[in-house]
Each structure stands twice: as C-alpha cells, then as structure tokens.
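Examining the three-dimensional arrangement
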Amino acid sequence: MAWTASAPSQTTSSATSSPRLPIRNGACTAALATCWRSLWSSIPLVLHDSDLLLASTFDDEVRAVAFAAVGCILADHPGPFRKDLVLLDVDDSTKDGVLQRLANDILRCASLQRLFLTYWQISFSGTTTDVTFPHLKKFGMQYSSMRDQDLDHILACSPVLQILTLSFSKYPQRIRLRSKSLQCMVLWMYMAEELAVVDVSCLKRLIMWITFSAVDDSLMIVKIHRAPELREFGYLEPRVHQLEIGNTVINATTKANPSSIVPSVKILALKVNFSAVNEVNMLPSFLRCIPNVETLHMESSVIGGVTASHHAMFWREVLPVECLKSHVKKIVMHKFRGHRSEFEFLKFIAKGARKLQNLLLVLTKEVPASVDQVAEVNRQLAIGT
C-alpha cells in the first residue's frame with residue numbers, strides 16, 4: 001500500500017528560519033530543554049516516509065508502534081503541514097488494524113491540500129462522516145476502491161477541490177459529479193457503469209482513457225447534464241460508451257437541438273474503428289452534438305477487427321456536420337494506418353471543412369512514413385476535394 005498526502009504551508013518567521021530536522025531529532029531536541037518543547041509544534045510539520053523506513057524492516061509489533069506514533073504526531077501537531085508523505089508496505093495483518101487507524105488520523109487532517117491513495121479501500125461510514133477537506137485541491141486514487149456514496153461525500157465536503165483522478169479500478173461504479181470548484185476530472189484505465197456530470201459549474205476538462213463498462217455486453221453511460229465551462233472532452237468511444245446529453249440518449253438518428261448539445265467544448269477526442277459500421281454510424285451524431293469543436297483528435301482503432309468495408313457511400317450521403325463545416329481548425333488523426341476506410345473519412349472532411357487549417361496524420365509503428373505514402377495521402381485528399 002502506498003499513499004501520499006500534503007497540505008498548504010503558512011510561512012512564518014520561525015518556519016522559514018527553522019532547521020529541517022527529522023522527527024526523531026526534533027524529539028531529542030525538545031527533550032534537552034523545557035523552552036524548546038513547543039518549538040516543533042510552532043512550525044509547519046514535515047513528515048517523510050524515510051522517517052519510517054527503519055521501523056518497516058522489523059517485526060509487526062515494532063512496525064505497529066512506529067505507525068501508531070504517526071497518528072500521535074498528527075493528533076498533537078496543530079499544523080500547518082509543509083509536506084506529508086507516507087509510503088507503507090506491510091502485510092495484511094498489520095494493515096487491517098494499525099493502518100486503518102493511521103488512515104483515519106490523516107483523513108481528519110483539515111489542512112490537507114493534496115491526497116493520493118494507492119491500494120486503499122476507503123469508507124466514510126459510521127463515525128467517519130465528520131471528515132471534511134476544507135483545503136483539499138487534488139484528490140486521486142489508483143488500485144483503490146470506495147462506494148458510490150463515499151465519492152459523493154468527498155465531493156460534498158471538499159469546497160475547493162480542483163482535480164479528481166480515478167484510475168486502475170472499478171469502484172465507485174456510478175460516478176456522480178456535483179461540485180462548485182472541480183475543474184478537471186480524469187478517469188484512467190477504469191471500469192464503471194456510469195459517469196454523470198450532474199452539476200459542475202467550473203469543470204473545464206473531462207478526460208477518459210481506456211474506460212469501459214464493468215457489466216458484460218453493456219455500454220458505459222456517459223451523462224452530461226450541467227457543465228457550462230467544459231472545454232476539453234474525450235476519448236469518447238462509440239464502441240464502449242453511451243452518450244447522454246441532458247435527457248437525450250445520443251444514437252445514430254439523433255437530431256441536434258439546444259437540449260442535446262454541449263456548445264462549450266472546443267477540444268474533442270474520439271476513438272473509432274472506421275471499418276465498423278455501428279461506430280461509423282454513430283460518429284456524425286457525436287460530432288453534431290458537440291457543434292463548436294475547433295480541435296478534433298481522432299484515434300483510429302482496430303479493436304473488433306478490420307474489414308474490407310470502407311463506407312464510401314455512407315460518407316458521400318451523410319448530411320454536413322456543423323462543427324466540421326464551420327468550426328474545426330485542426331484535426332489530428334492518431335494511429336493512422338492508411339486503410340481506405342480512414343481515407344473515406346478524411347475525404348469527407350476535406351470536402352466540407354471550410355475552416356480547416358491543419359491536418360496531422362500520426363502513423364502507427366507498423367506503418368513507417370515514406371515519401372510514397374505521403375504522396376498517396378495527398379492524392380487521396382485531393383480526390384475528396
């Protein structure tokens with residue numbers, strides 16, 4: 001188990017001039033004279049994992065004493081904390097008792113500014129519902145879990161939280177974002193039933209990378225209700241995501257209207273298998289519902305297999321898309337392989353993108369760039385125009 005936590009510093013004359021002594025040296029100093037006993041509590045506390053490394057090499061009893069001492073330090077020191085970093089690696093017999101108490105002590109530190117948990121199961125229930133984070137700006141979890149209501153509690157009791165990161169997990173399953181301060185949400189290598197942006201007035205970035213449903217044969221629901229400042233959104237994948245805007249479920253036949261669009265987004269990222277008919281059919285609907293995109297990132301996927309289908313007829317007959325026609329200035333095609341299905345989409349763009357200034361094709365490792373291939377790309381795009 002590893003985790004880090006830190007809190008804001010409040011510099012004072014004593015803090016800036018004080019020596020940087022390890023905890024055990026500070027304790028020895030305080031024992032030398034009565035006038036020094038309160039010195040350690042008058043300056044920002046610095047707690048580092050190196051202070052516990054020696055204890056971690058002994059048996060469970062010694063380690064238990066060392067870890068319990070951290071709880072006493074946190075309880076006795078009034079703060080603020082200049083830096084707090086704890087890295088613990090213990091067996092399950094110690095984890096369930098001492099570390100749980102240590103976690104509760106640290107989570108009750110009201111001056112926390114950054115908190116990152118790894119291999120942790122967090123629960124705010126029973127006696128821990130009084131935990132608040134008035135200064136917490138960044139919170140992250142990886143290989144960890146919590147209940148849906150625990151995340152709700154963190155968001156509700158963190159009035160200045162700006163960045164939330166959840167990765168390598170599948171709990172909570174239903175992520176509901178309600179916050180007046182949150183600016184960035186990152187979901188990384190994550191399995192969830194639902195990600196709902198319920199009411200986040202300051203959210204600017206919603207980043208999803210390799211996210212999918214935890215329920216077999218189901219789509220992960222991505223809901224956007226209220227996010228008036230949202231500027232960056234993606235990667236959205238029609239193969240694994242079901243997009244809902246307001247009360248509208250976006251499908252291949254959805255017509256854009258004021259209640260089914262996200263007009264604030266300027267940077268959009270999509271991941272699509274251009275030879276898969278279901279994904280290609282959804283692509284125009286996704287783009288129509290985010291009409292003011294200026295930078296479009298497209299990742300060409302081969303998940304599900306590559307077929308001979310290139311959908312040329314579909315792209316010739318599809319109605320113009322507002323964001324491509326009037327707003328998109330830059331398009332980046334990631335993992336471009338030179339398949340005809342990719343060229344058909346690019347020709348569709350070249351035919352109608354009036355504001356397009358830059359088109360960047362990023363080749364995959366298995367497709368080396370060559371003069372002939374560049375010439376072929378230019379020739380195919382010229383055909384589209």
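- Naming follows an unreviewed UniProt entry, where the chain appears as FBD domain-containing protein of Eleusine coracana subsp. coracana.

A closer look at the side chain of Thr-254
- Structurally, Thr-254 is set in the loop between strand 14 (248-249) and strand 15 (267-272).
- Of the residues examined, Thr-254 reaches a relative accessible area of 12% and is grouped as buried.
- Filtering out sequence-adjacent residues up to four positions away, Thr-254 remains in contact with Thr-248, Val-249, Ser-285 and Cys-289.

Some points on the sheet that holds strand 13 (residues 241-245)
- Spatial strand order, 7-9-11-13-14: five strands in an open sheet with mixed pairing. With partners counted over all chains shown, the strands left at the sheet margins are strand 7 (174-179) and strand 14, one partner each.
- Both strand 7 and strand 9 (residues 194-200) contribute to a ladder of six bridges, which runs parallel. Bridging from a neighbouring strand, Arg-174 pairs with Glu-194 of strand 9.

A look at the UniProt feature "domain: FBD" (unreviewed entry) in the chain
- In the numbering used here, UniProt assigns the "domain: FBD" (unreviewed entry) feature to residues 320-359.
- End C-alpha atoms of residues 320-359 are separated by 19 Å, and the span's content is 45% helix alongside 22% strand.

Regarding the pairing of strand 10 (residues 205-212)
- As paired strands, strand 8 (residues 184-191) and strand 10 are joined by seven bridges and run parallel to one another. Bridging across to strand 10, Met-185 finds its partner in Leu-206.
- Note: strand 10 against strand 12 (residues 232-236), three bridges, orientation parallel. Within strand 12, the residue paired with Leu-206 across the bridge is Phe-233.

Quick look at empty space enclosed by the protein
- Taken as a whole, this structure holds two cavities of 30 Å³ or more when the rule is applied.
- For the lining of the largest cavity, a count of residues per class yields three nonpolar, six polar and one charged.
- Its boundaries defined by the atoms lining it, the second largest cavity holds a volume of some 30 Å³.
- Lining the second largest cavity, in full, are Met-141, Gln-142, Tyr-143, Ser-144, Leu-166, Ser-167, Ser-169, Tyr-171 and Tyr-190.
- Looking at the lining of the second largest cavity, the elements that each hand over two or more residues are strand 5 (138-142) and strand 6 (163-169).
- Sorting elements by how many residues they give to the lining of the second largest cavity places strand 6 first, with three residues.
- Taken together, the residues of the lining of the second largest cavity break down into five nonpolar, four polar and no charged.

Details of helix 10 (residues 340-352)
- The end-to-end C-alpha distance of helix 10, which contains 13 residues, comes to 19 Å, matching closely the 18 Å that a straight helix rising 1.5 Å per residue would cover.
- When we look at burial in helix 10, the residues that qualify are Ser-341, Glu-342, Phe-343, Glu-344, Phe-345, Leu-346, Lys-347, Phe-348 and Ile-349.

A look at the packing of aromatic side chains
- All chains considered together, the criterion is met by nine aromatic pairs.
- Measuring from centroid to centroid gives 5.0 Å for Phe-274 and Phe-345, while their planes differ by 35 degrees, and the two rings are tilted. Of the two residues, Phe-274 sits in the loop between strand 15 and helix 7 (277-288) while Phe-345 sits in helix 10, which places them 71 residues apart along the sequence.
- In this structure Phe-345 comes out as buried when scored by relative accessible area, which is 1%.
- Seen in terms of ring centroids, Phe-336 and Phe-343 are 5.5 Å apart; in terms of plane orientation they differ by 85 degrees. Their pairing is edge-to-face. You'll find Phe-336 and Phe-343 in the same group, each marked buried.
- These aromatic residues form a ring-pair network of at least three members: Phe-274, Phe-314, Trp-315, Phe-345 and Phe-348.

Parameters at a glance
- Residues numbered from 1 in each chain as written.
- Predicted model: local features only at pLDDT ≥ 70, side-chain atom pairs only at ≥ 80, totals over all residues.
- Heavy atoms only, no water.
- Helix = DSSP H or I, 4+ residues; strand = E, 2+ residues; numbered from the N terminus.
- Buried < 20%, exposed > 50% of the residue type's maximum accessible area, 1.4 Å probe, protein only.
- Contact = heavy atoms within 4.5 Å.
- Pairing = 2+ DSSP bridges.
- UniProt positions renumbered as here; feature names shortened; annotations may be inferred.
- 1 Å grid on protein atoms, 1.4 Å probe; cavity = no way out; pocket = protein on both sides within 12 Å on 5 of 7 lines; lining within 4 Å.
- Points joined across faces, edges and corners; volume = space filled by probe spheres on them.
- Nonpolar A, V, L, I, M, F, W, Y, C, P; charged D, E, K, R; others polar.
- Expected span 1.5 Å × (residues − 1).
- Phe/Tyr/Trp six-rings, centres within 6.5 Å; stacked < 30°, edge-to-face > 60°.

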